[in-house]
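The lines below spell out each chain.
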Amino acid sequence: MNFDGLDAGMGEYPPSLHGTLEAVMEPSMDPHLNPSLLQGVELDPEGLAVTVPEAVHLMEGMFSELHSAVSEVGIPVTATHFDLQEEMLWMGNHRGHVTSFFGPTMGRHSSFQAHASDDIRHIHSLETGVLFLSKCNLKCHTRGGLVMFDYPLEEGADMHSLLMTDNNTVLMGGLQNYAVELDLNTVQETQKFTVDVPGVAIMRQTGRFFYCGHTSGKITLRDLRSFKTEHEFDAFSGSLSDFDVHGNLLAACGFSSRGMNGLACDRFLMVYDLRMMRAVTPLQVHVDPLFLRFIPTYTSRLAIISQTGQCQFCEPTGLANMADIFHVNTVGQVLMSFDVSSSKQALAFGDSGGCVHLWSDAPEVSFNDYSRETEFALPCLVDTLPQLDWNHDLLPLSIIPTPLTSTEHLLSDWSPAKATPSPRRAPPVDPEILRAMKTVGFIGYAANPRTRPRNQVPYKIKDVELDYDNYNQVPESPIGRDEEPHLYMVPKKYRKVTIKYSKLGLEDFDFKHYNRTLFAGLEPHIPNAYCNFVVLLFLLASSSTCWIYFLIRPLQLLKASNFLRAFRTIPEASALGLILADSDEQTGKARLGRLIQSWNRFILTQLHQETQEQEGPQAYRGASSSSLGSSGESAIGKLFGCEVENSSLCRCGKETVRSSLSLLFTMHYPEQNSQEKTIKEYDFSEILKKSICLEQSTQAWCENCEKYQPTVQTRNIRCLPDVLVINCEVNSAKEAEFWKVQAEVNDTHFGFISIPTFSNTRYLIHNMGITFDTRAEDLRHVWIPPSLKMSISKSQGLEIGSWPEGEELSTEEEEEGASVYDLVVTVPHILDARTGGNLVAHIKVGETYHQRKEGVTHQQWYLFNDFLIEPIDKTEAAQFDVSWKVPGILYYAKRNYHTKYDLRIKNPIDASVLLTEASLARKQRKSHATFIPLMVSEMPQAGELVGLDAEFVTLNQEEAELRSDGTKSTIKPSQMSVARITCVRGQGPNEGVPFIDDYISTQEQVVDYLTQYSGIKPGDLDAKISSKHLTTLKSTYLKLRFLIDTGVRFVGHGLQKDFRVINLLVLKDQVVDTVYLFHLPRKRMISLRFLAWYFLELNIQGETHDSIEDARTALQLYRKHLELSRAGGNDEVRKVLKGLYEKGRQLDWKVPESETGDGQGSPKSAAVFPSVMGL
C-alpha cells in the first residue's frame, strides 16, 4: 500500500475519458459500475507476458489494458514500481522474489530472489541499481540481479516504506517508534528519528515537508531537516489506507470506525489545502478507495483504485462522475499494489494471484520522458557452418552428412500405440499390514513391517538393473535359500545397526551388547555418518596434529558430530556431492561405494592442505601439482604421499614430464575382449602395478604441434609411501564380475598356502612361520594378499609381488630398498536392500594401542560397524563375496613404519586459551561482562574444583511414529547443540566467580532456543545483535579440553548428560555430579532447584535457567555434601536423603512459593561468594 512520491508531468488531456455506460449492473459489483467495461485476462502459468485475448484498439486519453504478465502463479504481488531510469516495470511478491519486465510488451528482463522469506514491501529504482525493502532488511541489486549491498535492520523492525530524500540518502519507516536515515554511499545509518506509536506506514515529500501517514488515521507534516512535527491532520477515525500530495493539495483515503461493527471503507476522500493547512470539502467517490494517486496532465486528476479492481478518475475539487470508471479484470483476485509511471501514461496493478496488469492511454506508451538504453543478457552465439565447395578437389567428404541407408527402423518410427504412456498403478498393500491391522471406526492401524522406506513407494522399472549398486542389493532371505540360490544372506554383524531409543534417549541403551572391546563405537543417527569408520581409522592411525587432535579426540564418546560439523562447512565437500541429505541416507539412495572412495580422496587432500598450512605457510596448497620438497611440509604428505612422475609423449616425439604428489591410487582393471567368454587369471600384485604405473592413450595439448594430439601418458613413482592407499573402484557389474572370477580362481591361495577344498575339515598348517586353524570354506573369495613386497630399481622400475605374511626381508633385500607392506585396513560396502546398505571397516590394530590400553603385545583385526565392534579372523578381513560385500578401500602399511613417528598422544593446548579473548558480538561491551578471566597465578591445577553448567538449543526436532497400540516410538532423537558454557572458580578468595561464560555462535539453523530451560533468547547467538560474550565452538572446546587434560574436577548437576551432548570424554574421577550425590538407589533423580531449596534455602530457576547460578549452586551443594559426610559419615548422609525424599513426596517435588527464600539475599550466599556480588 506504500509508494514513492510521483514527479509532476504535463501532457495532453482530453475532456472525456469514457463513453456513456449502460445501466445494467451485476449485483456482486459496485452498483455504479458497468460490467461491459470488463476485459478478459489470461494467466500464463509459465510466467511469460500474455496479451489481451482480443485485439485492443486504444483511444488516445482513454485508459485500457495493454498487457498482463504472471511472475509466479498464486503468489500475491505486494509491490510494483516503474523504473525511473529505464523502460522497465518491477514487481515483488509475497515470497521475496522480484521480476522485471521490459517495455510495453512486458518481456521478461530479470528475475531473482531478493529476500529468503519475507515479502517485498517497497521498491525504488536508483541510477546504479534498485532498492528492495522487506520487513527487516534493505537490499540493493543491480538490474541484472547481482547484490550491491545487504543492510539488515534491528531485530523487531517492521518496515513498510522508504523515501529518497536526496540522491544518496534514503529514509525508512514502519510500524515501530522510529524512522531510520541511511547513507547509500557508506551503507551506514546516519540518523534515527523518534516517531509516535504505531509508527509511519506511508511517506511522501515535497519541497516544504515530509508527509507521514500513520495507521491510526493521522497524517503528520514534518520538517525536512529535524523531522519534527509541524502540522497534523486527523483524516480518518479508523485507519489510513493511502494518500498523495500534488501542488497545494493533499488527498487521502482510509477507513472509518463504525463502533461495534469495526472498520468500514470510507467513500469520502479527505482533501486538504496546504496553503491554509485546513480541510476543504470532502470528495465523494463511487468505489471503495484503497489506493489513490494524482495523475497531473492538463488538470490535477486523481486516480482512485478499489481492492476489487474498480478505478475512478475525478478532480479533487469537483464532483466525481460515474462515467470516469473502468475495471481491472483480476479474475476474482484482489489488487495488492499500484503504481503510476513518471510519464503519467501507464498504470500498473498487482493482484493476489501473481499477475501484473499494465494499463495505458496510448498504444505507444513510454514509462519515462527520457529513458536510457536497457542492457540485456548476451544471447547464445552459435557459429554457423561454413559454406562447402562441392567442386573442390581437396574437400574432405567426411564432413558432409550422408543419408541413412540402413533398413532398420528408427525409434521414431514406432506406432503411437507403443509410444503411448501408461500410468503406474499403485502397488498393493503389504499382506502383513492387512493381516495385523486393527480397525477403529473407518481407520486401520498396523505395525510398520519396515520392508520399505518410510513414505516412499518403490517402482520396479525392469527386472535386471544395469547399475551395479542397485543390481547387487538383493533382499535378505534366511528361509528358502535352496529354492532361490541367487539370494544371499548378509551375516548379522555386517548388517546396518540402529539404536532403539526410549524415554531416556541413549541413557538406557546397552552399547556393551554390541561392543565388548576397549574401542568406542560411533552413533549412526547424525547426518553424514557414512564416514564414521574412516574417522575412527584416523583416530587409530594418525599422529596427534592439532587439527586431528581437536576434531577426533572427543570421538570416544560415540559421536563424530565435531568432525562432521566441520566437514559440512567445507564448500568443496558440498560441491563434490559428499554432503548427503537425511532422506538419501535413510532410504539408501546414496551410492555408498562410490561415495566413500570420493570421500577418502577428498579427506586425504584436505588434511594434507590444512596440516601443510599449519606447518609451513609457504608450502604447496594442492595435492595434484606438488613438488617433492612440499611433501615434507605436511604430516599427511609424509605418511601417505608418493612422488609421481607423469610423462606425456606425443606422436611427434615431444615428451613432457611433470612431477606431482599422489596420496592414493585407483585400481584399473584390464579390458575384457568381447570374443573371450572367460576372464583371464591375474595376480593382485600385477593389477596393482599396472594401476600405479598407469599407461593410457588420450587426447592432450602438444606445445610442439600447437594443437590437441593423441598422446601416450605414463605414470611412474620415484619413492614408496609409508602407507599405500588404494581405491578399488568396483562400481559396475563388469568390475564386480572380474573381482569375483579372480577370487574364485584364488580360492585356495592365501599367503602362499594351498588348502585342500574339503568343506568340513580343519587343518593346522605350519608353513614359513604362519599358523592357520580355520575351515577351508572360510578361505573362499580371497584375492588380495596379506602382504606385498615392493621395490624400485633403476633398471626395471617398480616391482610388486605377494609376500608371506610372517617372513622378514633379508639384509641384502633391505639394502636394495625393498619394503614389505602389510594389509591393515579394508573397507567393504555391504549390499542389503532391506536396509539400503551400509559401510563397515576391518582395521588391524597394532601393538602400540594394545600395549597402551590392555598392557599386552598383540595385533588383532577388528570389525567396525558404527557402534558394533568385535574381533575377527584375519582371513575375514580379506574376503570379498561381491554378491553382498564389495571392496571399497584398501590400506597397506610399510612394515615397522611407525618407528619413524612419535605416536605418543600430545596435548597441543596451553594455558593461554583461558586468558582474555575478544567477543564476536559487535554490541558486547565490558559493562556487559558476566565473568572475570583467570590470571596467570590462578591457573587451575590437577584435583582443583571447577563448577560447570551448560545450556543447549535444538537444531533438529525429534522424529517419532505412533505405534498401532498408541505408544510412541522414537525414530531419530532431537539434535542438540551447546549454546552456553559457564565455569566458575571452585576455591580461593574468588570462589564462585565465573572465569568462563561463553555463548557459542553457530552457523546452523536453530529450531528451538528452549528459552524456558536454557535462558537463551533469539539473538543471543547472533554476532550482529548479541550483547553476550560470543565465541566459536572451537575456542570453547579448547578451554574445556585444557581443563580436562589438566586434571581438574568438575562439579555440576547432570554433568554426565551435559558432557555427552557437548561431546567430550571426561574420566569418572574428574566428575562430581550432584545428581548422584543426593540420590538413593532405585529412586528418582532430584532437580537442582529442589535441592537448592531444601539444603541451601535458595530459590533458583524462577522463570528461566541461568548457567552461572546453576554452577554456583552445584558447588554449594557439594560443600553441603562434604559437610554432612564429615559430620556423620555415610549413615548421616543416608538419613538426610531419606528425609529429602519424604519431603519431596509430600510436596510432589515442587518448591512451595510461599516458603521460598530469596537466593540473592540469602546470608549463606553472601558468605560463600562475597566477591560475586560485584559482577
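Keep in mind that what you see is a predicted model, and the values were worked out from it rather than measured.

**A few points about the packing of aromatic side chains**
In step 1: Across all of its chains, the model carries 32 aromatic pairs by this definition.
In step 2: Aromatic pair Trp701 and Tyr708: ring centres 5.4 Å apart, planes at 75 degrees, arrangement edge-to-face.
In step 3: An aromatic cluster is defined as three or more aromatic residues linked by ring pairs; in this entry it consists of Tyr669, Tyr682, Phe684, Phe738, Trp739, Trp783 and Phe880.
In step 4: If you follow Lys192 out to its NZ or CZ, it ends over the ring of Tyr178, 4.6 Å from the centre.
In step 5: Sitting over the face of the ring of Phe880, Lys885 holds its NZ or CZ atom 5.6 Å from the ring centroid.

**A few points about a negative patch on the surface**
In step 1: A surface patch of like charges, here negative, comprises Glu812, Glu814, Glu815 and Glu816.
In step 2: Among the secondary structure elements, Glu815 is positioned in helix α14 (residues 811–815).

**Here's the deal with the nonpolar core**
In step 1: Counting residues in hydrophobic clusters, the biggest one holds 51 residues, and the most contacted among them are Phe684, Leu688, Ile692, Leu724, Trp739, Ile784 and Tyr892.
In step 2: Excluding its chain neighbours within four sequence positions, the residues that come into contact with Trp739 are Tyr669, Phe684, Cys728, Val730, Trp783, Ile784, Phe880, Val882 and Pro887.
In step 3: Residues Cys531, Leu580, Ile596 and Leu639 belong to the second largest nonpolar core, which totals 43 residues.

**Here's the deal with the sheet that holds strand β35 (residues 655–662)**
In step 1: Taking strand neighbours across the sheet as the criterion, the four strands line up as β35-β34-β38-β37 in an open arrangement whose pairing is antiparallel. Each edge of the open sheet is held by one strand with a lone partner, namely β35 and β37 (695–702). Taken over all neighbouring pairs, the strand axes of this sheet differ in orientation by 35 degrees on average, direction set aside.
In step 2: When β37 meets strand β38 (residues 707–717), the two strands line up antiparallel, connected through eight bridges. Bridge assignment links Ser697 to a residue of β38, and that residue is Val712.

**A word on the pairing of strand β44 (residues 819–830)**
In step 1: Within β44, twelve of the twelve residues are buried, leaving the element largely enclosed by the surrounding structure.
In step 2: Sheet analysis places strand β42 (residues 787–793) next to β44, joined by four bridges and oriented antiparallel. Bridge assignment links Lys789 to a residue of β44, and that residue is Val820.
In step 3: Pairing between β44 and strand β49 (residues 885–894): nine bridges, direction antiparallel. Bridging from a neighbouring strand, Ile830 pairs with Lys885 of β49.
In step 4: When β44 meets strand β45 (residues 838–839), the two strands line up antiparallel, connected through two bridges. Counted as the bridge partner of Ile830 is Asn838 from β45.

**Quick look at the sheet that holds strand β18 (residues 229–234)**
In step 1: Sheet architecture is open: four strands sit in the order β15-β16-β17-β18, paired in antiparallel fashion. Lying at the two open borders of the sheet, with one neighbouring strand each, are β15 (202–205) and β18. The sheet shows a mean angle of 20 degrees between the axes of neighbouring strands, direction not considered.
In step 2: In this sheet, strand β17 (residues 218–223) lies alongside strand β16 (residues 209–213) in antiparallel orientation, the contact comprising five bridges. By the bridge assignment, Cys212 is partnered in β17 with Thr220.

**With respect to a nonpolar patch on the surface**
In step 1: Taken together, the side chains of Val440, Phe442, Ile443 and Tyr445 present a nonpolar region at the surface, about 450 Å² in accessible area.
In step 2: Counting through the fold element by element, Phe442 comes out in the loop between β32 (438–440) and β33 (443–445).

**Details of the UniProt feature "binding site: a divalent metal cation" (unreviewed entry) in the chain**
In step 1: If you check UniProt for "binding site: a divalent metal cation" (unreviewed entry), the listed places come out as Asp949, Glu951, Asp1058 and Asp1110 in our numbering. Spatially, the listed residues are clustered: although they cover 162 residues, their C-alpha atoms lie within 13.0 Å of one another.
In step 2: Locating Asp949 in the fold gives a position in strand β50 (residues 945–956).
In step 3: Excluding residues within four positions of it along the chain, Asp949 makes contact with Arg980, Ile981, Thr982, Asp1058, Ser1107, Asp1110 and Ala1111.
In step 4: Within the secondary structure, Asp1058 is located in helix α19 (residues 1055–1062).
In step 5: In this structure Asp1058 comes out as buried when scored by relative accessible area, which is 9%.
In step 6: Apart from the residues lying within four places of it in its own chain, the contact partners of Asp1058 are Asp949, Ala950, Phe952 and His1053.

**Considering the environment of Gly259**
In step 1: With respect to the helices, strands and loops of the structure, Gly259 is situated in the loop between β20 (249–257) and β21 (263–265).
In step 2: Note on Gly259: relative accessible area 57%, which makes it exposed.
In step 3: Along the sequence, Gly259 and Gly238 sit 21 residues apart, while their C-alpha atoms lie 9.9 Å from each other.

The rules behind the values
- Residues numbered from 1 in each chain as written.
- Predicted model: local features only at pLDDT ≥ 70, side-chain atom pairs only at ≥ 80, totals over all residues.
- Heavy atoms only, no water.
- Phe/Tyr/Trp six-rings, centres within 6.5 Å; stacked < 30°, edge-to-face > 60°.
- Lys NZ or Arg CZ within 6 Å of the ring centre and 35° of its normal.
- Patch = residues over 30% accessible without salt bridge, like charges linked within 9 Å, V, L, I, M, F, W, Y side chains within 5 Å.
- Areas by Shrake-Rupley, 256 points an atom, 1.4 Å probe, with all protein chains shown as cover.
- Salt bridge = Lys/Arg side-chain N within 4 Å of Asp/Glu carboxyl O.
- Lys, Arg positive; Asp, Glu negative; His and termini not counted.
- Charge placed at Lys NZ, Arg CZ, Asp CG, Glu CD.
- Helix = DSSP H or I, 4+ residues; strand = E, 2+ residues; numbered from the N terminus.
- Core = buried A, V, L, I, M, F, W, Y, C linked by side-chain atoms within 4.5 Å.
- Buried < 20%, exposed > 50% of the residue type's maximum accessible area, 1.4 Å probe, protein only.
- Contact = heavy atoms within 4.5 Å.
- Pairing = 2+ DSSP bridges.
- Axes fitted to C-alpha atoms, helices over the stretch in contact; angles between N-to-C directions.
- UniProt positions renumbered as here; feature names shortened; annotations may be inferred.

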